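Each chain, written out:
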Amino acid sequence: MQLNVQKLIAPFHGLNRPYADSLISYLAGDLRHDPQALREAITDIVDNMVAATADGQTLKDYFCDDLQTAADDILAELPRRKFGSWCRYWWPIVNVAATLILASGLVRLPASPRASDLTANSGYVVILVLGLWAPRGFNFNKLRPGALGRLAGFILLGFALSALIMFLLGLLPDCALPVFVLALICVGFGVVNVVMSRLKQWPLLVTAGMWDVMGVTFIAGGFNAPVAVQGVLFLVNVLCWGASYVSLFWVNNEQV
Amino acid sequence: MTKIPSQMLKGVLEFAILKVIADGPTYGYALQTRLSALGFGTVTEGTIYPLLLKLQRSGQVTAERRPSDSGPARKYYSLTADGVQALTDFAPAWRQLVVAMRDLGLGVDE
């Protein structure tokens, strides 16, 4: 279950509300620490802040004058995110990246698809994916040089990584893409989704099913299948992925 | 009341928190008001909460959510055997420091 920041800050009024909003948003946006521990910490802090404001204290006096330092001190004491949790976080993003690459490459449904159909847009997808990992700390009154540095770092990293991927993919021969390779990719993603769905991410089963339907379609009809059928399958797949991703945030109790 | 410099508080606040918890399970906000009432000055939640997390991680306190009469359930902190031991170890060192400061002429008059 995702923490609803708006609901959490609802008990606060006046200047206390933006204060609480800045703190909770900053903490909830952290990806490096264990989501469960982070969620508990935020809940505790909010409970205490509610008690303090009920006693007439302002949050600035009660919590801290230097909000980001205090928030960073709290984060520093939380356990780090485990490898499995990282996988659970990134897998849906990898999923959508793969869907985008496949869809953007094959949307024209070329009669004889080539590797370059898939690699052409990979760099842009990487930028898009990295953009999801948004830098934090811009809603504090005292903007730290670190926040600006992080943003600059993300932009540079995004461009550098996408340029590297484009360069490496450019070294590959632009061979024809047999139908069985496309089918293998789809079935592979389907299998990994089934495995990942065992890690409390049951919505991925839906995505797994759609990947497998895609794979079977490639095998059965290749690119000779009616354009409308393939188009509808792509659309359904993207929609299913979107639904899965949203449910991950709202249902599976993993993301903060 | 004189404001205690934060650097001076840093070394002892952890043990002050342990002692307050040793007096009986308590929750974050009550801990903060108790420390203020004792004369520690305004010790903010932003200072206390990281210390509580640190004490939890080191196994010196445990936390348990309990229902509250006046609002949502609260997380109550209790001392563990390790916490009792940490307080026991701290006491002689603190006494020695107080004696040394008193001998310097900076102690509290008896």
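The structure presented is a predicted model; accordingly, all values stated were derived computationally and were not measured.

Q: Please explain the environment of Phe63 of chain A as it appears in this structure.
A: With respect to the secondary-structure elements, Phe63 of chain A resides in the loop between helix H4 (59-62) and helix H5 (67-76). Along the chain, Phe63 of chain A and Arg88 of chain A lie 25 residues apart, while their C-alpha atoms are 33 Å from each other. Once residues lying within four places of it in the same chain are set aside, the contact partners of Phe63 of chain A are Tyr19, Leu23, Ile45, Met49, Ala70 and Ile74 of chain A together with Thr44, Glu45 and Gly46 of chain B.

Q: Explain the interface of chain A and chain B to me, please; I cannot follow it from the model alone.
A: Much of the literature gives interface size as the accessible area that the parts lose upon coming together. The interface is formed by 21 residues belonging to chain A together with 19 residues belonging to chain B. Between chain A and chain B, roughly 1,700 Å² of surface is buried when both sides are summed, and carbon and sulfur atoms account for 54% of that area. Among the residues of chain A in contact with chain B, Asp44, Tyr62 and Glu77 of chain A are the three that bury the most area, contributing 33% of the side total. Taken together, the connections running from chain A to chain B amount to four salt bridges. Across the pair Asp47 of chain A and Arg65 of chain B runs a salt bridge, and its minimum N-O distance is 2.6 Å. Our count for the chain A to chain B interface comes out at 13 residue pairs in polar contact (both at pLDDT 80 or more).

Q: Can you help me understand the packing of aromatic side chains in this one?
A: Evaluated as defined, the whole model comprises four aromatic pairs over all chains. Between Tyr27 of chain B and Tyr76 of chain B the ring centres are 5.3 Å apart and the planes differ by 70 degrees, which places this aromatic pair in the edge-to-face class. One end of the pair, Tyr27 of chain B, is in strand S1 (residues 26-27); the other, Tyr76 of chain B, is in strand S3 (residues 71-79), with 49 residues separating them in the sequence. Each member of the pair, Tyr27 of chain B as well as Tyr76 of chain B, is classed as buried. Lying across the ring of Trp86 of chain A, Arg81 of chain A places its NZ or CZ 5.3 Å from the centre. A cation over an aromatic ring shows up here: Arg66 of chain B above the ring of Tyr76 of chain B, its NZ or CZ 5.0 Å from the ring centre.

Definitions and cut-offs
Residues numbered from 1 in each chain as written. Chains lettered and ligands numbered in written order. Predicted model: local features only at pLDDT ≥ 70, side-chain atom pairs only at ≥ 80, totals over all residues. Heavy atoms only, no water. Helix = DSSP H or I, 4+ residues; strand = E, 2+ residues; numbered from the N terminus. Contact = heavy atoms within 4.5 Å. Buried area = accessible area lost by both parts, 1.4 Å probe. Salt bridge = Lys/Arg side-chain N within 4 Å of Asp/Glu carboxyl O. Polar contact = N/O pair within 3.5 Å; in protein donor to acceptor, adjacent residues only side chain to side chain. Phe/Tyr/Trp six-rings, centres within 6.5 Å; stacked < 30°, edge-to-face > 60°. Buried < 20%, exposed > 50% of the residue type's maximum accessible area, 1.4 Å probe, protein only. Lys NZ or Arg CZ within 6 Å of the ring centre and 35° of its normal.

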